[in-house]
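Chain residues, written in single-letter form:
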Amino acid sequence: KLEPEPISADVAGFYIRQGEIVAPSEDGSPLYHLVASHMAHGLGTDSIELTEIHLEYNHESPDPWSMDADQGRVQTDWNLIHLSGGVRMIMRTEENEPATLVTESMIVETDSHTARTDQRVTLELGEERLIGTGMTADLMAGRVQLESSVNGVFESRLR
């Protein structure tokens, strides 16, 4: 009697156009929703390479943080997201006005619900602008802290 040969198939990874990732929080509700025009995962790697990224963090809250970047990568444990190339993060103020943070690269850590960069950062709120080096954002508390060399440009409201 002939024994069947074992069948094996090595997967070289994957490539996806218009891919989406919805990662759950500890209670199972969506923590973040990530959309990318291209996703690629190579064999033996622990991250997925991304291009043209849109990320909504704290996805089901009334005021999710919205982030866009030219490229990045997400670890396959879904806990570390690297964004780079024209990173724009938009959040809402207490007055429900959009505030935009612009930087060259950022790391989102889902375990601590923070976004960090050591790059130059511009924070725009209407006509007002703060520029600094380094930033930490608490994505659950809604706080942004510029870390050093902070300078601001404010329009006079006295008339």
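Bear in mind the structure is a predicted one, so any value in this text is a computation, not a measurement.

Procedures and definitions
- Residues numbered from 1 in each chain as written.
- Predicted model: local features only at pLDDT ≥ 70, side-chain atom pairs only at ≥ 80, totals over all residues.
- Heavy atoms only, no water.
- 1 Å grid on protein atoms, 1.4 Å probe; cavity = no way out; pocket = protein on both sides within 12 Å on 5 of 7 lines; lining within 4 Å.
- Points joined across faces, edges and corners; volume = space filled by probe spheres on them.
- Helix = DSSP H or I, 4+ residues; strand = E, 2+ residues; numbered from the N terminus.
- Nonpolar A, V, L, I, M, F, W, Y, C, P; charged D, E, K, R; others polar.

### A few points about the layout of surface pockets
The calculated volume of the largest pocket comes to roughly 260 Å³. Elements represented by at least two residues in the lining of the largest pocket include exactly β5 (80–92) and β9 (143–153). When its residues are assigned to classes, the lining of the largest pocket shows eight nonpolar, four polar and three charged. Size it by volume and the second largest pocket reaches roughly 220 Å³. Every residue lining the second largest pocket is counted, 13 residues in all, and those nearest its centre are P24, S25, E26, L31 and T110. Secondary structure elements with two or more residues in the lining of the second largest pocket: β1 (13–24) and β2 (30–42). By residue class, the composition of the lining of the second largest pocket is six nonpolar, four polar and three charged.

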